[in-house]
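Architecture at a glance
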Amino acid sequence: MCTTSGLAHKLPGRVGDSPLIGHGLYVDDAAGAAGATGVGEEIIRIGGSLTIVEAMRAGRTAQEACELAVHKVNSVAVRRGMHPASVAFLAMDKNGRVGAACSERTNFEYAVARPGKVELLKAKELAVAG
């Protein structure tokens, strides 16, 4: 899920979150893995994937950790006087349990492959609290 396509009409030299460890992608065998997509600058601001993996290490489920990351992006954007960005996070804990969450109107779908089947799932959309 981790790409470096960036935003349309991006500024020259823009890096994005994908090549920055802990932002677009982070994996730790002891806790789990997480990936992010969307507006990379907002994902970078919260250390997106690292935030999720550390939340799982602290005992949150993969789903709870993804929701935490979306809420954090939303709250940082609102504090800066900005509209929350379009972001989506997905995670898998060390036991193979998955979770996914996205900002509202993002409509993020992902696939989970298990022995004998592949499921197409929709990430939980989270509205801005207010």
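Residues numbered from 1 in each chain as written. Predicted model: local features only at pLDDT ≥ 70, side-chain atom pairs only at ≥ 80, totals over all residues. Heavy atoms only, no water.

Some remarks on the pattern of salt bridges
We count it as follows: Within this document, salt bridges are pairs made up of a side-chain nitrogen of Lys or Arg and a carboxyl oxygen of Asp or Glu, the two lying within 4 Å of each other. The numbering of helices and of strands both runs from the N terminus, where a helix is a DSSP run of H or I of at least 4 residues and a strand a run of E of at least 2. Burial here depends on accessible area, computed with a 1.4 Å probe over protein chains only, as a share of the maximum for the residue type. Under 20% is buried, over 50% is exposed, and the range in between is partly exposed.
For the structure on display, the rule yields nine salt bridges. Between E42 and R45 there is a salt bridge, and its shortest N-O distance comes to 2.9 Å. Of this pair, E42 and R45 both sit in helix α1 (residues 40-46), three residues apart, roughly one helical turn. A relative accessible area of 9% places E42 in the buried class. A salt bridge links E67 to K124, with the nearest nitrogen and oxygen atoms 3.5 Å apart. Taken together, the residues E67 in helix α3 (residues 62-79) and K124 in strand β7 (residues 124-126) connect sequence positions 57 residues apart. Relative accessible area serves as the criterion here: at 43%, K124 is assigned to the partly exposed category.

Considering the environment of I43
Checked against the element boundaries, I43 lands in helix α1. For the pair I43 and V70, spaced 27 residues apart in sequence, the C-alpha separation works out to 9.1 Å.

Examining the nonpolar core
What counts is decided by this rule: For the purposes of this section, nonpolar cores are sets of buried Ala, Val, Leu, Ile, Met, Phe, Trp, Tyr and Cys residues that join through side-chain atoms within 4.5 Å.
Among the nonpolar cores identified, the biggest contains 22 residues, and I46, I52, M56, C66, V87, F89 and A91 are the most heavily contacted of them. Residue assignment for this core shows that the elements contributing at least two residues are β2 (32-38), α1, α2 (48-57), α3 and β3 (87-93). With seven residues, α3 is the single largest residue contributor to this core. By size, the runner-up hydrophobic cluster in this structure holds seven residues, among which are A100, C102, F108 and Y110.

Considering the pairing of β3
Stated precisely, the cut-off is as follows: Strands qualify as paired when DSSP identifies two bridges or more between them.
β3 sits mainly inside the fold: five of its seven residues count as buried. In the sheet, β2 pairs with β3 via seven bridges, with the strands oriented antiparallel. Bridge pairing links G35 to L90 in β3. Sheet topology note: the β3/strand β4 (residues 98-103) ladder contains five bridges and is antiparallel. Within β4, the position partnered with A88 by the bridge is C102.

Observations regarding unusual backbone geometry
The residue R105 is not glycine, and still its phi comes out positive at about 65 degrees. Secondary-structure assignment places R105 in the loop between β4 and β5 (109-114). The class of R105 is exposed, set by a relative accessible area of 59%. Phi at N107 is positive, roughly 55 degrees, even though this residue is not glycine.

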